[in-house]
Amino acid sequence: MQKVVYMDYAATTYTKKEVLDEMIPYFSEHYGNPSSVYSISRDTRKVIDASRDKVAKAINAERNEIFFTGGGTEADNFAIKGFAFANFNKGNHIITSKIEHHAVLHSCAYLEKHGFEVTYLDVDQEGFINLEQLKSAIKDSTILVSIMFANNEIGTIQPIKEIGQICREKNVVFHTDAVQAVGHIPVDVKEMNIDMLSLAAHKFYGPKGVGALYIRKGIKIDNLIHGGAQERGKRAGTENIAGIVGLSKALEMAVNEMDKSSRRLIMLRDKLITGLMEIPHTKLNGPVSENRLPGNVNVCFRFIEGEGILLSLDDMNVCASSGSACTSGALDPSHVLLAIGLNHERAHGSLRLSIGDGNTEEEVDYLLSVVPKIINRLRNMSPLWHDFIKKGEI
Ligand SMILES: *Cc1c(COP(=O)(O)O)cnc(C)c1O
């Protein structure tokens, strides 16, 4: 098999052809600045409104509650820092979890240097927060709770509606990083009591560098970028029109195809999990229940390094991701895997395969034929494995 088998859809997706086709004219034919008065600008102004409507509809929000951003990280920064600074007079306490994306964790760490106090909630072995712990963590000075909708590494889908309910009862604003959820599982901001929500186009077959933040009407938030009147002054700068068009088209398609796509992904996911679990000393990371993202597989192979698995998979033309954060250059084990109770050895030996619409059952079969051989070979080279064989225990 020469073709690349891409199983890293949680990192990013390709842009679907139908999406790209809708974007192209906004680079050339329709180039008018939406803020200008002449007639060629009307097209671009109109398409932004129409795109905003589509995004609002997809999550059951109102048009004026959608703010386009430069991606998921930007939406998270906007929500957390913008809300914190605008509401400092009401309190300085924020609650989040230990398994958030770095866009949330590093925004919170920044706020800790600027007079805010942050509580990082623990999660259980499957990555779920404890609702009772959340309730008791809320105090008079709490202004914001930010808990991700679904985890990008282990696929855990949090009880978002219940979290939102608790926040409403306690009069605290609730933000959710829904970058992995939107376009993949049902999201309804009204029904789920969500006050702010981040999403990014390149996680649901749209273009990179464009996202959105939903901000419920009436919520006070600082401007993210100061300048012109774009995005009602909250995020100034001439709009990324082609990106916005691509985002809304991709989201519309993802919502329309959600049932069909997720049923297929769940079938492929479960086949992959079942097959991989036949390899000895292998454990599933993340939930066993239905509260797992349709495309997420994350397993830990003991006694070996995830980096080694990735390099061997790359030799076999498979793109995947490991339980180590390669972002820093140094190999830090993933904060998510540590938070669900894995030790450093097990976290390092983890592999994430995130599947998507481009994958086939043949590709799953291919994976199931190559991974056991790779694990075998790497274990034979691993001192940890030989120790284990000698002692029978570790
Ligand atoms: C990808 C991702 C982000 C970051 O989004 P970008 O568009 O890459 O900035 C944030 N949160 C989660 C959960 C993600 O998966």
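Not measured: the values here are computed from a predicted model.

A.B. asks: For empty space enclosed by the protein, give the residues involved together with the corresponding values.
C.D. replies: Inspection of the entire model under this criterion finds 3 cavities of 30 Å³ or more. Counted as a void, the largest cavity has a volume near 170 Å³. Forming the walls of the largest cavity are 16 residues, and the residues nearest its centre are Gln180, His184, Leu293, Gly295 and Ile355. Domain assignment of the residues forming the lining of the largest cavity places at least three in each of domain 1 (17-256) and domain 2 (258-390). By volume, the second largest cavity is sized at about 110 Å³. Taken together, Lys16, Gly183, His184, Tyr205, Ala254, Glu257, Met258, Ser261, Ser262, Leu265, Pro294 and Asp357 make up the full set of residues lining the second largest cavity. The element contributing the most residues to the lining of the second largest cavity is helix 8 (residues 258-276), with 4 residues. Its residues assigned to classes, the lining of the second largest cavity comprises 5 nonpolar, 4 polar and 3 charged. For the lining of the second largest cavity, the two domains that each supply at least three residues are domain 1 (17-256) and domain 2 (258-390).

A.B. asks: How would you summarise the UniProt feature "modified residue: N6-(pyridoxal phosphate)lysine" (unreviewed entry) in the protein chain if you had to cite specific residues and measurements?
C.D. replies: When the UniProt feature table is mapped onto this chain numbering, "modified residue: N6-(pyridoxal phosphate)lysine" (unreviewed entry) sits at Lys203. Tracing the chain through its elements places Lys203 in the loop between strand 7 (196-200) and strand 8 (211-215). Here Lys203 is in contact with Ala10, Ala11, Thr13, Val179, Gln180 and His184, once residues within four sequence places are set aside. At a separation of 3.5 Å, a polar atom in the side chain of Lys203 contacts the main-chain carbonyl oxygen of Ala10.

A.B. asks: Can you break down the domain arrangement of the protein chain residue by residue, with the values?
C.D. replies: Parsing the protein chain into structural domains produces domain 1 (17-256) and domain 2 (258-390). Taken together, the contact between domain 1 and domain 2 spans 28 residues of the former and 22 residues of the latter. Here domain 1 meets domain 2 over a buried area of about 2,000 Å², counting both sides, of which 59% is carbon and sulfur. Three residues stand out in domain 1 for area buried against domain 2, namely Glu153, Ile154 and Tyr205, and they jointly supply 32% of the buried area on that side. Taken together, domain 1 and domain 2 are joined by 0 salt bridges. Contributions of two or more residues to the side of domain 1 that touches domain 2 are made by helix 4 (102-112) and helix 7 (241-256). For the side of domain 1 that touches domain 2, the element with the highest residue contribution is helix 7, accounting for 3 residues. Tallied by class, residues from the side of domain 1 that touches domain 2 come to 12 nonpolar, 11 polar and 5 charged.

A.B. asks: Could you give me a rundown of the site of the ligand, with the residues and numbers involved?
C.D. replies: Residues in contact with the ligand amount to 13 residues; listed here are only the nearest, Gly72, Thr73, Asp177, Gln180 and Lys203. Gly72 is positioned such that a nitrogen or oxygen atom in its backbone is 2.9 Å from an oxygen atom of the ligand. At 2.7 Å from a nitrogen atom of the ligand is found a side-chain nitrogen or oxygen belonging to Asp177. Broken down by class, the residue content of the shell around the ligand amounts to 3 nonpolar, 7 polar and 3 charged.

A.B. asks: A description of the state of the cysteines should follow, citing residues and the corresponding values.
C.D. replies: Per the counting criterion, the structure on display carries 0 disulfides. Not engaged in a disulfide, the cysteine Cys108 finds its nearest cysteine sulfur in Cys167; these two sulfurs lie 14 Å apart.

A.B. asks: Quick one: what's the story with the pattern of salt bridges, residue by residue and with numbers?
C.D. replies: Enumeration over the complete set of coordinates arrives at 22 salt bridges. A salt bridge links Glu345 to Arg302; the nearest nitrogen and oxygen atoms lie 3.3 Å apart. Taken together, the residues Glu345 in helix 11 (residues 344-348) and Arg302 in the loop between strand 10 (296-301) and helix 9 (306-315) connect sequence positions 43 residues apart. Judged by its relative accessible area of 22%, Glu345 is partly exposed.

A.B. asks: Please give an account of the pairing of strand 7 that cites residues and values.
C.D. replies: Most of strand 7 sits inside the fold, with 5 of its 5 residues counted as buried. Residue alternation in strand 7 divides its side chains into two sets, Met196, Ser198 and Ala200 and Leu197 and Leu199, and both sets are buried. As judged from the 3 bridges shared by strand 6 (residues 173-177) and strand 7, these two strands associate in the parallel manner. By the bridge assignment for strand 7, Asp177 is matched with Ser198. For strand 7 and strand 8, the ladder comprises 5 bridges, and the chain directions are antiparallel. In the sheet register, Leu199 faces strand 8, and the bridge partner there is Ala212.

The rules behind each value
- Residues numbered from 1 in each chain as written.
- Predicted model: local features only at pLDDT ≥ 70, side-chain atom pairs only at ≥ 80, totals over all residues.
- Heavy atoms only, no water.
- 1 Å grid on protein atoms, 1.4 Å probe; cavity = no way out; pocket = protein on both sides within 12 Å on 5 of 7 lines; lining within 4 Å.
- Points joined across faces, edges and corners; volume = space filled by probe spheres on them.
- Domains from an automatic or database assignment.
- Helix = DSSP H or I, 4+ residues; strand = E, 2+ residues; numbered from the N terminus.
- Nonpolar A, V, L, I, M, F, W, Y, C, P; charged D, E, K, R; others polar.
- UniProt positions renumbered as here; feature names shortened; annotations may be inferred.
- Contact = heavy atoms within 4.5 Å.
- Polar contact = N/O pair within 3.5 Å; in protein donor to acceptor, adjacent residues only side chain to side chain.
- Buried area = accessible area lost by both parts, 1.4 Å probe.
- Salt bridge = Lys/Arg side-chain N within 4 Å of Asp/Glu carboxyl O.
- Near = heavy atom within 4 Å.
- Disulfide = S-S within 2.5 Å.
- Buried < 20%, exposed > 50% of the residue type's maximum accessible area, 1.4 Å probe, protein only.
- Pairing = 2+ DSSP bridges.

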